[in-house]
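Reading the structure
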Amino acid sequence: MAKAIVFRETDRLVGRSEWYRTDRGYKANIVTYAISWLVNHLKEDRRRAIDFQAIWSRQELPEELKEVLLDIAEQVAVTIKDTPENARNVSEYAKQQQCWARISKLDILFGTRLDAVTIDLEEVRRRDKDQVTTGRIDRQIDFETDLVGMRPRIAEIREFARSRRVLSPRASSALDKVERLKLPLTKPETNALRHLFKVLAEKGMDLPVQ
């Protein structure tokens, strides 16, 4: 996933930085909070988000994003290690809400513009919607591919369903279309077959598709 690429690359950058090698420790916390700060800053202050789709396509972080995350990480590291008097243990403090409360309020300045590696929130919502739609289409294609493989058993399925009095007119019509390879099915036909297969499986019929 693109988010894993962001974390892995940021972790690598922090580990190689001069400021971290001078004062090692708490790298996982620093990386996590640096990414969280940037995501929160982009959303709340700029109404934008990291373009994870572009990162996934490139399989690496753009240079602009590397520079910004490293700058943020350095300032986050200072804040994490500057624990309040009532929280001497840095590791424990880094897990607490008050740590994020302080970090989220940091006024971190960075010169690099991020418009080229971020997208507006409306685009994020559109992509999320497209992914849901694509997922539905993929599931429909997988379902119909399985149906084609079941063509030799259509007569058996129809007879079993009729004998149990569970074959609806719509499911019967859908089975006819599968047998004649008249695809794609409509949404009601798909739902009718899914319901039929579920009922038949409950009644003991062995089906590869449910």
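Residues numbered from 1 in each chain as written. Predicted model: local features only at pLDDT ≥ 70, side-chain atom pairs only at ≥ 80, totals over all residues. Heavy atoms only, no water.

This part is about the confidence of the model for the protein. Chain-level statistics for the protein give a pLDDT mean of 85 and a share of 91% at 70 or above. Mean pLDDT across the elements of the protein bottoms out in helix α8 (residues 121-149) (72) and peaks in helix α2 (residues 18-22) (93). (pLDDT = per-residue confidence, 0-100. Helix = DSSP H or I, 4+ residues; strand = E, 2+ residues; numbered from the N terminus.)

Moving on: the nonpolar core. Core analysis: the largest hydrophobic core is formed by 36 residues, its most contacted members being Leu38, Leu65, Ile72 and Ile80. Going through the elements one at a time, α1 (2-16), α2, α3 (27-46), α5 (63-81), α6 (90-94) and α7 (97-104) are the ones with two or more residues in this core. Other than its neighbours up to four places away in sequence, Leu65 contacts Leu38, Ile50, Ile55, Leu114 and Val117. The next biggest cluster of nonpolar side chains, apart from the first, holds 20 residues, and it includes Met150, Ile154, Leu175 and Leu200. (Core = buried A, V, L, I, M, F, W, Y, C linked by side-chain atoms within 4.5 Å. Buried < 20%, exposed > 50% of the residue type's maximum accessible area, 1.4 Å probe, protein only. Contact = heavy atoms within 4.5 Å.)

Before going further, it helps to examine the packing of α3 against α7. In the contact formed by α3 and α7, the axes pass within 10 Å of each other and the chain directions differ by 50 degrees. Taken together, α3 and α7 sit at an angle that is classed as oblique. Where α3 crosses over α7, the handedness of that crossing is right-handed. Taken together, the residues of α7 that come into contact with α3 (itself represented by Tyr33, Ser36, Trp37 and Asn40) are Cys99, Trp100, Ile103 and Ser104. (Axes fitted to C-alpha atoms, helices over the stretch in contact; angles between N-to-C directions. Parallel < 35°, antiparallel > 145°, perpendicular 65-115°, else oblique. Left-handed = near helix turned anticlockwise from the far one by under 90°.)

Another aspect to go through is the packing of aromatic side chains. As enumerated under the stated definition, the model contains 2 aromatic pairs in all. Both rings, one in Trp19 and one in Tyr20, keep their centres 6.3 Å apart while their planes meet at 90 degrees; by these two values the pair is edge-to-face. Judged by relative accessible area, Tyr20 falls into the buried class, the value being 6%. A centroid spacing of 5.9 Å and a plane angle of 5 degrees characterise the contact between Tyr33 and Trp100, whose relative ring orientation is stacked. Of the two residues, Tyr33 sits in helix α3 while Trp100 sits in helix α7, which places them 67 residues apart along the sequence. We note Lys3 situated over the ring of Phe52; from NZ or CZ to the ring centre the distance is 5.7 Å. The ring of Phe160 carries Arg164 above its face, with NZ or CZ at 3.8 Å from the centroid. (Phe/Tyr/Trp six-rings, centres within 6.5 Å; stacked < 30°, edge-to-face > 60°. Lys NZ or Arg CZ within 6 Å of the ring centre and 35° of its normal.)

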